[in-house]
Amino acid sequence: MNYQIDENGFYGNYGGAYIPEILYKTVENLKEAYLPIIESEEFKQEFHTLLRDYVGRPSPLYLAKRMSEKYGCRLYLKREDLNHTGAHKINNSLGQILIAKKMGKTRIIAETGAGQHGVATATACALMNMPCTVYMGALDVERQRPNVERMKMLGATVVPVHSGNKTLKDATNEAIRDWCCHPADTFYIIGSTVGPHPYPDMVARLQSVISEEIREQLTEKEGRDYPDYLMACVGGGSNAAGTIFHYIEDERVKIVLAEAGGLGLDSDKTAASLEIGTDGILHGSRIKLMQTEDGQIIEPYSISAGLDYPGTGPLHCNLYVTGRAQVLAVNDDEALTAAFELTRMEGIIPALESAHILAALPKMQFQPDDVVVLTVSGRGDKDLETYLKHMND
Ligand SMILES: *Cc1c(COP(=O)(O)O)cnc(C)c1O
């Protein structure tokens, strides 16, 4: 089985670059530039210095003792929640802005749903003194007020998008439209392993610092550099891609991913695009997506804004159809229960997105000496209101 990307940007049947003619040259330039930049000593030096001194990496690998006992394994939490701005997204935004600068771009645009990627990108832009425009669905602007205010304080222009359902998909369409109008000077920082090639591969590489650290940290703590299980939640797929990057070919390592079941797979309120999606093209890439028979996107639903996307990145679609990754749909109520459990047993309030993979733990059957690494993709401060509302459920 081959899980790696081919020269045309496909993982098996998924991926590629389905883009309007006007972006062809821009995307082609990026395709030629990104690998030599990422692999250059100068980039590595700059990126890793920022990850260490600005983001606060390496993020700890924490042996969760009480949870380990409960689930009968050695459960390590990869603490992306401790990063600057509260999640893994900053790794990607900093990496892409460095690439943008090396390519001579002078203006940054981004899309955002919950606002986490918008905040991470606005942060990177403040740091690098670059103008930043963030497209955000008008409904999300209403729902995610604190993140909108953070972006504004950081100096970004937030553009509410009133088309379609006024959520992430529509914001992405609008960002692509902007990019089409300014292809020469503008760099589009995409927030996950989605979009046309080379974005999924570029984002996976920028997030691969997560699995690089896991390898070193496990060697130190367990005397071997691989776990038995890697577990992560999947929206577009970036924290999961970072978690598994160096282990994709290592069949000793089982991969477990959680997507958002919403109110359930057989309800019409779900975001479980791997399980219920069909093949189609969205935002430049062939992926599994939630669509009607005539190709209209079905509006996704999840209690967690960060998992509320109608598709999943091409890498993960291929891991799913090849059976390399086990994929579980986790419903809202299960995620809420899991968030309270981690909070009460380990004193860590996870992001609602991360709670989805925590909720996979009771569905697993581990051996007592199994080493399990679960990525806590972000912290729960942004979700407190939701948590408090469900405190006594
Ligand atoms: C955005 C986000 C996610 C989902 O995005 P991926 O690209 O699938 O990682 C998960 N967790 C947190 C905390 C997020 O902010």
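Here we summarise the structure given alongside this text. (Residues numbered from 1 in each chain as written. Predicted model: local features only at pLDDT ≥ 70, side-chain atom pairs only at ≥ 80, totals over all residues. Heavy atoms only, no water.)

### Structural notes on the pairing of strand β8 (residues 186-189)
Line of reasoning, step 1. Alternating positions in β8 separate into two faces, Thr186 and Tyr188 on one and Phe187 and Ile189 on the other, with burial throughout.
Line of reasoning, step 2. Of the strand pairs in this sheet, strand β5 (residues 107-112) and β8 are connected by 4 bridges, and their pairing is parallel. Across the sheet, residue Ala110 finds its bridge partner in β8, namely Ile189. (Buried < 20%, exposed > 50% of the residue type's maximum accessible area, 1.4 Å probe, protein only. Helix = DSSP H or I, 4+ residues; strand = E, 2+ residues; numbered from the N terminus. Pairing = 2+ DSSP bridges.)

### Quick notes on the sheet that holds strand β7 (residues 157-161)
Line of reasoning, step 1. Here we have 4 strands laid out as an open sheet, ordered β7-β6-β5-β8, and parallel in their pairing. A single partner strand is all that each edge strand has here, and the edge strands are β7 and β8. On average, each strand axis in the sheet is tilted by 25 degrees relative to the strand beside it, whichever way the strands run.
Line of reasoning, step 2. Examined bridge by bridge, strand β6 (residues 132-137) and β7 share 5 bridges and lie parallel to one another. Counted as the bridge partner of Gly137 is Val161 from β7.
Line of reasoning, step 3. In the packing of helix α8 (residues 168-181) onto the sheet, contacts are made with β5, β6, β7 and β8, and the angle to β5 comes to roughly 160 degrees. (Axes fitted to C-alpha atoms, helices over the stretch in contact; angles between N-to-C directions. Contact = heavy atoms within 4.5 Å.)

### Examining the packing of aromatic side chains
The geometry of an aromatic ring pair is captured by the separation of the ring centres together with the interplanar angle, meaning the angle of the planes.
Line of reasoning, step 1. Inspection of the entire model under this criterion finds 7 aromatic pairs.
Line of reasoning, step 2. Their ring planes at 90 degrees and their centres at 6.5 Å tell us that Phe10 and Tyr18 sit as a pair that is edge-to-face.
Line of reasoning, step 3. In this structure Tyr18 comes out as partly exposed when scored by relative accessible area, which is 37%.
Line of reasoning, step 4. Seen in terms of ring centroids, Phe43 and Phe47 are 5.3 Å apart; in terms of plane orientation they differ by 35 degrees. Their pairing is tilted. Of the two residues, Phe43 and Phe47 both sit in helix α2 (residues 41-55), 4 residues apart, roughly one turn of that helix.
Line of reasoning, step 5. Residue Phe43 is classed as buried on the basis of its relative accessible area, which comes to 2%.
Line of reasoning, step 6. Looking at Phe47, the relative accessible area reads 3%, which means it is buried.
Line of reasoning, step 7. A connected cluster of aromatic rings, assembled from ring pairs, spans Trp179, Tyr188 and Tyr199.
Line of reasoning, step 8. The ring of Tyr226 carries the charged tip of Arg252 above its face, separated from the ring centre by 3.7 Å. (Phe/Tyr/Trp six-rings, centres within 6.5 Å; stacked < 30°, edge-to-face > 60°. Lys NZ or Arg CZ within 6 Å of the ring centre and 35° of its normal.)

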